[in-house]
Amino acid sequence: MNRNQVRPQRRHATPSRIERVRRQAVPKPRVIIALLLLLGLVSVMLLDGYLRAEVGNDQRVRSDASASKVPDSVLDGGPFLSFQGGTARTRSVPDKTIVLTFDDGPDPEWTQKVLDILDDNDVPGTFFLVGSMISRYPDVVRRMVDDGNEVGVHTFTHVDLSYQSEARVTREIAQTQLALAGAAGITTTLFRAPYSSTNDAIDNYSWPVYKKLGAMGYTSVFIDTDSEDWQQPGVSKIIKWATPKSGKGASVLFHDAGGNRAETLEALPQYIKKMKAKGYTFTTVSGAQQQAQGQQAQGQQAQGQQAQAPQGTPATAGETRQSNPEQAAHRTADTATLWEGRALLGAVAVAEWTVPGLAAVLAVVGVAVLGRFAMMLVLARRHYRQRNRRRFSWGPSVTGPVSVIVPAYNEKECIANTLNSLAASTHPIEIVVVDDGSTDGTAEIAESLGLPNVRVIRQPNAGKPAALNNGVRHARHDIVVMMDGDTVFEPDTVERLVQPFGDPEVGAVAGNAKVGNRSTVIGAWQHIEYVMGFNLDRRMYDLLRCMPTIPGAIGAFRRDAVLEVGGMSEDTLAEDTDITIALHRAGWRVVYAEHARAWTEAPASLGQLWRQRYRWSYGTMQALWKHRKSVTDRGPSGRFGRVGMPLVVLFQIVTPVFAPLIDVFTVYAMIFVDFKASLLAWLAVLLVQLVCAAYAFRLDRERYRYLLMLPLQQIAYRQLMYLVLIHSCVTAATGGRLRWQKLKRTGEVGTPAPGTGVR
C-alpha cells in the first residue's frame, strides 16, 4: 500500500470513546510493573535496614527500675525461669556443672572459632542467637546445631523488650523462630532477653514480658556468673570472673559476637581446661535442667522430664528431638514453618546481595554524573568561546533561499502564529506546509493568511515522518529547515540556523529550542530542562562531534543528505534521533547553532508531559537499538558509535534509570541513618546542579529567577521523568508498541519580536 493512501485505521483519526479508554488502559500494566519494581527495592532496603538495626532500631536500655512486683523467690532463685502450670519456678545449675552460654551471635568469624574450641575440648555450649544474625549467617547456626550445641532466642533485633509493645515482643520472638527454622530446621523453647544478666535484674517493666513468654512455654535463661569478656579486661580476668565459687554450678556468660572477641577466644580453652581439672563437667541448659530434675525427683511428684512446649508459637511445631538430651529444648519445625523460614532467609540473602551491590553501582553512577557535569561545564565553555570569537566563521556566508517544511496535524491553534513568524524571516525562504489529514481546518487557516511563498500540500493522514518526507520531495532548494507546527521562529532564526552549511562537511544543524509557555510551574520546570539539559548537552556533543538528536522544533538539513539516508524513517517514534544518527553514519557532520532560537509550546499538563516524554524516551531506545551496529563502524562515520552511543546510553538511559535509586537511598538515609549528613550530601549535589544550571542560563542569556524552581524540580519533576524512563524500559523489555500521540495545543506562544530574549 502506498504511504499516502488512506488507511482503514488512520494514525491520527479521532478515536471513539471505547477506543480512547482502551488506549489509556494499554500502558497501565507497565506502569504497575515499574511501581512494583520500585516497591520491591524499597522493601529490600527496609529489610536490609531492619537486619542492620537501622530500621525500627530502639537503643533504649532500662536500668534502676523498681522490682516490687517481682517475687523474691524469682529474684533470689536460680538462672532458669519457667512458668509450668502458671507458677513461676526457678532452677539452679547442679554443683560442679557449668553451662557455657554465648550471646549476640552468630558471627561469621568469632562464632566459628568458638565452635572450633568447643569441638576441640569436647564440650557443648548454649548459644542465644539474634534473629537478624541468624538470617544473615544460617550456615553457622546449622553447624552449631549439628555439633550438638543448644540454641535459644535472643530476639530478632536485640532490643530491650521492656520498652516494646506486646505485638513487638511477639514479633521479635516469632521472627527469630522462623529464622531458626530456615537455618537449621528447628525452633527452640529457650529465651534470653538482651541486656539481661542475673535474676535480680528483673524489674516491674520486664516481669510482664517474662510472664508472657512463660505462658507461651519458654524458659528464660539468666546467668549467675559473668565473664564480662565484652569489656575486654584481659584473659586472666575473664577466666577469674567466669570461675564459680566453692564448687557451685554456674550459668556462665560469654559473647561470640558484638565486637572484638580475641580475648574470649584466648581465654575460653584455658578456662575449660582449668574447670575440667577441678572436676567440673560441661553441659547445655537442657542438660543442666535434666540433671537438676533428677536430683529433685526423689520425694517429689514428677513434673515432666522436659521443658513444656510453647503454645501458639512456631516452637509448637514438630516433636521434641529425643536423640540428644542436651538439645531437649529444640523442636523440629513443621513444614509450613520450615518453608516460611526458608523464604525469610531467601529474602535476606537477596537484600544482603542487592543493597550493597546497588550501593556500589550507585557510587559509580554518582561519580559518572558528577563527571558528566564537569565535562559539560568545561566543554560548554570551550564551545561558547570557540563559536563566539570574532574571527570564527563556518565558511562562505549562506545567503541563498531555503525551504522551510512545516508538518501540521490539527494545529488550528498554532499554525497562524507559526507562519506569521516565518513570514518575518530576514532570510529568503519558501514555506511548505504539509497538512497531514487535519480535521480542524488547519490547511484552510494556512491558505487564508495569504502569505507569500507559502504552499500548502494536503495528504491523507500518514504521520509526521511521512509528512516531512513529502515536504522534502516538494522542496525547491538544497537546504531544508524542519520545524513543528506549534513552533515560532525569531526573524533571524533561519539566517543563523543555515550559516554552518558554509562548511561542506556539515550535513545538519540543530537549533536552540526554547520553552515559550514557561509561566506555569510545569513550563518553568521544562524551561530549566531545555536550557540546562538539552542545550548544555548539545554544546558538549557538538565539540565531541557526536550530536545525538536534532530537535523536531528546529533543525536544518542538506536535502541531498536527507535523501541519501532514506529520509525520515517510520521505524522509530523518535524520527529526529533516528535521522541524526543515520547522518553521522553516512559521514556527515552535525552541529549546534546556539543563536538560532525557536519558541515551542511545551506540554501544559502532567498527563501530556508524560505522554510526550514516554514517546521520546522509548523512541530514543528504538533509534539506538536500530543503529547498534554503529559501534563497529570504522572511520569518521563510526565516531557516533564509538563516542556518542556510549554517552547517550550511559547518561540518557542507564544513569537516569538508577538515579531514582539514589533518591530512594537518600530518603532512606535521612529517615533511618543520619538525617543531617544525608541532607548535606543532597544539598551538595543540588549545589553542583545549580552551578551547572546557572552557567547554562548565563550562556543562553536567560533570567536566573527560574532557577528558584530547581529544588522543587529535583524533588517532583525529576521523579516523574525517571518513572517515564523506567516505564519506557519496561515497554521495551516486554516488546510493547507505542502509538503516535497528539498533544493538545493552546497556541499561547506568539510571534516573537526581533531581539526578544525571554517570553
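Remember, it's a predicted structure, so these values are computed and weren't measured experimentally.

Considerations on the packing of aromatic side chains
Then comes step 1: Counted under the stated rule, the structure contains eight aromatic pairs.
Then comes step 2: Cluster of aromatic residues (ring-pair linked, three or more members): Phe102, Phe127, Phe254 and Tyr271.
Then comes step 3: Here the basic side chain of Arg62 rests over the ring of Tyr205, its NZ or CZ set 3.8 Å away from the ring centre.
Then comes step 4: In this arrangement the basic side chain of Arg342 is found over the ring face of Trp339, its NZ or CZ atom lying 4.8 Å from the centre.

Examining helix α8 (residues 207–215)
Then comes step 1: Every buried residue of α8 is listed here: Trp207, Val209, Tyr210, Leu213 and Gly214. With its buried residues spanning 160° around the axis, α8 presents them on a single face.
Then comes step 2: Looking at the buried positions of α8, the neighbouring elements they touch are α3 (72–75), β1 (80–82), α7 (166–184), β7 (190–191) and β8 (219–221).
Then comes step 3: Looking one or two residues past α8, Gly217 carries a phi angle of roughly 100°, positive in sign.

Overview of the sheet that holds strand β20 (residues 589–600)
Then comes step 1: Taking strand neighbours across the sheet as the criterion, the eight strands line up as β15-β14-β13-β16-β19-β18-β20-β17 in an open arrangement whose pairing is mixed. The sheet is open, and its two borders are formed by β15 (454–459) and β17 (487–489), each paired with just one other strand. Averaged over all pairs of adjacent strands, the angle between strand axes in this sheet comes to 30°, irrespective of strand direction.
Then comes step 2: When strand β14 (residues 429–436) meets β15, the two strands line up parallel, connected through six bridges. In the strand pairing of β15, Asp436 is matched with Gln459.
Then comes step 3: Sheet contacts for helix α15 (residues 464–474): β13 (402–408), β14, β15 and β16 (479–482); angle to β14, the most-contacted strand, approximately 145°.

Observations concerning the packing of helix α20 (residues 606–626) against helix α21 (residues 639–673)
Then comes step 1: Viewed as axis vectors pointing N to C, α20 and α21 meet at an angle of 150°, and their least axial separation amounts to 12 Å. Judged on the interaxial angle alone, α21 and α20 are roughly antiparallel. Remark: the crossing between α20 and α21 carries left-handed chirality. Of α21, the residues touching α20 (which contributes Thr620, Met621 and Leu624) are Phe640, Met645, Val648, Val649, Gln652 and Ile653.
Then comes step 2: Grouping the constituent residues of the contact of α20 with α21 by class yields seven nonpolar, two polar and no charged.

Remarks on the pairing of strand β5 (residues 150–153)
Then comes step 1: Residues of β5 alternate between two faces, with Glu150 and Gly152 on one and Val151 and Val153 on the opposite face, all of them buried.
Then comes step 2: Across four bridges, the pairing between strand β4 (residues 126–129) and β5 is parallel. From the neighbouring strand, Phe128 faces β5, where its bridge partner is Gly152.

Observations concerning the pattern of salt bridges
Then comes step 1: Throughout the structure, instances matching the rule amount to 26 salt bridges.
Then comes step 2: For Arg192, the salt bridge goes to Asp103, with nearest N and O atoms at 2.8 Å. Taken together, the residues Arg192 in the loop between β7 and α8 and Asp103 in strand β3 (residues 97–105) connect sequence positions 89 residues apart. Take Arg192 and Asp103: they sit in the same class, and that class is buried.
Then comes step 3: One salt bridge connects Arg458 with Glu444, and the closest N-O pair in it is separated by 3.5 Å. In this pair, Arg458 sits in strand β15 while Glu444 sits in helix α14 (residues 442–448), placing the two residues 14 residues apart along the sequence.
Then comes step 4: Relative accessible area serves as the criterion here: at 45%, Arg458 is assigned to the partly exposed category.
Then comes step 5: Given the relative accessible area of 46%, Glu444 is considered partly exposed.

Overview of unusual backbone geometry
Then comes step 1: Of note, the amide linkage connecting Gly105 to Pro106 takes the cis form, showing an omega dihedral of 0°.
Then comes step 2: Mapped onto the secondary structure, Pro106 falls in the loop between β3 and α4 (110–121).
Then comes step 3: The phi angle at Asp104 is positive, at roughly 80°, despite the residue not being glycine.
Then comes step 4: Classification of Asp104 by relative accessible area gives buried; the value is 18%.
Then comes step 5: One non-glycine residue, Ser246, lies in the positive phi region at around 55°.
Then comes step 6: Structurally, Ser246 is set in the loop between α9 (235–242) and β10 (250–255).
Then comes step 7: We classify Ser246 as exposed; its relative accessible area is 75%.

The rules behind the values
- Residues numbered from 1 in each chain as written.
- Predicted model: local features only at pLDDT ≥ 70, side-chain atom pairs only at ≥ 80, totals over all residues.
- Heavy atoms only, no water.
- Phe/Tyr/Trp six-rings, centres within 6.5 Å; stacked < 30°, edge-to-face > 60°.
- Lys NZ or Arg CZ within 6 Å of the ring centre and 35° of its normal.
- Buried < 20%, exposed > 50% of the residue type's maximum accessible area, 1.4 Å probe, protein only.
- Helix = DSSP H or I, 4+ residues; strand = E, 2+ residues; numbered from the N terminus.
- Arc of directions from axis to C-beta.
- Contact = heavy atoms within 4.5 Å.
- Pairing = 2+ DSSP bridges.
- Axes fitted to C-alpha atoms, helices over the stretch in contact; angles between N-to-C directions.
- Parallel < 35°, antiparallel > 145°, perpendicular 65-115°, else oblique.
- Left-handed = near helix turned anticlockwise from the far one by under 90°.
- Nonpolar A, V, L, I, M, F, W, Y, C, P; charged D, E, K, R; others polar.
- Salt bridge = Lys/Arg side-chain N within 4 Å of Asp/Glu carboxyl O.

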